[in-house]
Amino acid sequence: MPAFPRTRPRRNRRTDWSRRLVREHRLSVDDLIWPVFVVDGDVARTPVASMPGVDRLSIAALVDAAAEAAALGIPAIAVFPVIDPSLKTPDGALATDPGNLVCRAVRAVKAQVSDLGVICDVALDPFTTHGQDGLLVDGQIVNDETVDVLCRQAIVQAQAGCDVIAPSDMMDGRIGAIRDALDGAALQQVQIMSYAAKYASAFYGPFRDAVGSKGALGQGDKRTYQQDPANSDEALREVALDLDEGADMVMVKPGMPYLDIVRRVKDTFAAPTFVYQVSGEYAMLKGAAERGWLDGDKVMAESLLAFKRAGADGILTYAAVDVARQLREQA
Ligand code: PBG
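Residues numbered from 1 in each chain as written. Predicted model: local features only at pLDDT ≥ 70, side-chain atom pairs only at ≥ 80, totals over all residues. Heavy atoms only, no water.

Peer 1: Got a minute to help me understand a negative patch on the surface in this structure?
Peer 2: Taken together, the side chains of Asp144, Glu145, Asp148 and Asp172 present a region of like negative charge at the surface. Checked against the element boundaries, Asp172 lands in the loop between strand E8 (164-167) and helix H5 (174-184). For Asp172, a relative accessible area of 52% puts it in the exposed group. (Patch = residues over 30% accessible without salt bridge, like charges linked within 9 Å, V, L, I, M, F, W, Y side chains within 5 Å. Areas by Shrake-Rupley, 256 points an atom, 1.4 Å probe, with all protein chains shown as cover. Salt bridge = Lys/Arg side-chain N within 4 Å of Asp/Glu carboxyl O. Lys, Arg positive; Asp, Glu negative; His and termini not counted. Charge placed at Lys NZ, Arg CZ, Asp CG, Glu CD. Helix = DSSP H or I, 4+ residues; strand = E, 2+ residues; numbered from the N terminus. Buried < 20%, exposed > 50% of the residue type's maximum accessible area, 1.4 Å probe, protein only.)

Following this line, the structure appears as structure tokens:
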């Protein structure tokens, strides 16, 4: 590139039409996955205090919301159940019950909304009294025993109509085991989106408020299975394993503090790569916007565009519906 004054980078930025013409990345509604919280009972919406604008929805309200998301062109939702504490057990047995809340919610959405992908988390934390993602034996999260339960959880969810199984538990070997279990149950068409590089992050706090696993977890943490935020190469090994075991798509989580991981994963594997803008990221942006410290819509749009620039093919964001509406208004 010739030096200044031959080269003047500002020339391309001078007008709106020119900025649009040279723009490298765009956010589209097709990039969005909307995570939603569902709860039993007749109360349509219960706000999550630490996530302004996010409600826990009854199944009926979820169906309406899912229909709205589909109408906006959002490709998929990710359903997270809020389980009544009285139904939680140390072994999270409800996770494998085909009549549990998440399975009933998936059936209701699938029966009434077409052309919308439904993604379900595979992990035991909504169902365990201790709030851990796996089985707790003598103070340890036991891997292989947990994987057996996760396989059964994946099958009941897929049989309820879930399109994409998304293991978020970070046990070793679970992707291959779940793939085999699904195939063995004639569920070969069910996709797997692996939470492949999921970090032991403090940014999950508001999510744990929303699903009620924070109180359960207490002073506990997930550092023996979720990744150390200090590590980057380790994320590539995790992704390699999950792709090898049969993951159709991989995810990096959280998002904004881990854009470097998104870029490395995309460059290294060229696989469908997703990023989760987690509850704490959402809360930071919304909380500051509520106080008037940031322009909420602008910082959200900029954050989501940054995920695209980092190489993400799609983004899980609690703001999906708002953003889809804005994209529609701009179109
Ligand atoms: C549960 C799960 C978590 C999230 C998604 N699935 C929380 C955790 O691992 O403690 C976090 C999502 C968010 O913070 O938005 N396995």
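Read on, since the account is not over.
Peer 1: Is there a simple way to think about the nonpolar core in this case?
Peer 2: One finds Phe37, Ile77 and Leu182 to be the most contacted residues of the largest nonpolar core, which totals 113 residues. Take this core: its biggest share by element is nine residues, from helix H4 (residues 143-160). Not counting residues within four places of it along the chain, the set of residues in contact with Leu182 comprises Ala154, Ile155, Ala158, Ile165, Leu187, Gln188, Val190 and Ile192. (Core = buried A, V, L, I, M, F, W, Y, C linked by side-chain atoms within 4.5 Å. Contact = heavy atoms within 4.5 Å.)

Peer 1: Explain the site of the ligand here, please?
Peer 2: Taken together, 18 residues lie around the ligand, and Lys198, Arg208, Lys253, Ser279 and Tyr318 are the ones closest in. The contact in question runs from a nitrogen atom of the ligand to an N or O atom on the side chain of Lys253, over 3.4 Å. In this structure, an oxygen atom belonging to the ligand sits 2.7 Å away from a side-chain N or O atom of Ser279. About the coverage of the ligand: the protein hides 100% of its 400 Å² of free accessible area. Broken down by class, the residue content of the shell around the ligand amounts to eight nonpolar, three polar and seven charged. (Near = heavy atom within 4 Å. Polar contact = N/O pair within 3.5 Å; in protein donor to acceptor, adjacent residues only side chain to side chain. Nonpolar A, V, L, I, M, F, W, Y, C, P; charged D, E, K, R; others polar.)

Peer 1: Where do I start with the packing of aromatic side chains in this structure?
Peer 2: Two numbers describe a pair of aromatic rings. These are the distance of the centres and the angle of the planes. Summed over the entire model, instances satisfying the criterion amount to eight aromatic pairs. Relative to Tyr318, the ring of Tyr282 lies with its centre 5.8 Å away and its plane at 65 degrees, an arrangement referred to as edge-to-face. Linking Tyr282 in helix H10 (residues 279-290) with Tyr318 in the loop between strand E12 (314-316) and helix H12 (320-330), this pair joins segments that are 36 residues apart in sequence. You'll find Tyr282 and Tyr318 in the same group, each marked buried. Here the aromatic cluster, defined as three or more aromatic residues joined through ring pairs, consists of Phe37, Phe80, Tyr195, Phe207, Tyr276, Tyr282 and Tyr318. In this structure, Lys198 is placed above the aromatic ring of Tyr204, and the distance from its NZ or CZ to the ring centre is 5.4 Å. (Phe/Tyr/Trp six-rings, centres within 6.5 Å; stacked < 30°, edge-to-face > 60°. Lys NZ or Arg CZ within 6 Å of the ring centre and 35° of its normal.)

Peer 1: Looking at this structure, I do not really get the packing of helix H9 (residues 259-269) against helix H11 (residues 296-310). What am I missing?
Peer 2: Helix-helix packing is characterised by the crossing angle of the two axes and by the distance between the axes. Taken N-terminus to C-terminus, the directions of H9 and H11 make an angle of 30 degrees; their axes are 8 Å apart at the nearest point. Contacts between H9 and H11 involve Leu259, Val262 and Arg263 on the former and, on the latter, Ala306, Phe307, Arg309 and Ala310. Across the contact of H9 with H11, the residue classes break down as five nonpolar, no polar and two charged. (Axes fitted to C-alpha atoms, helices over the stretch in contact; angles between N-to-C directions.)

Peer 1: I tried to follow H9 on my own but got confused; where do I start?
Peer 2: The periodicity of an α-helix, 3.6 residues per turn, causes residues three or four places apart in sequence to face the same way. Restricting attention to buried positions, one finds in H9 the residues Ile261, Val262 and Val265. Buried residues along H9 cover an arc of 105 degrees about the axis, so they all sit on one side. Considering only its buried residues, H9 is in contact with strand E9 (191-198), helix H8 (233-244), strand E10 (249-253), strand E11 (273-276) and H11. Following H9 by one or two positions, Ala270 has its phi on the positive side, about 50 degrees. (Arc of directions from axis to C-beta.)

These figures capture arrangement, not role.
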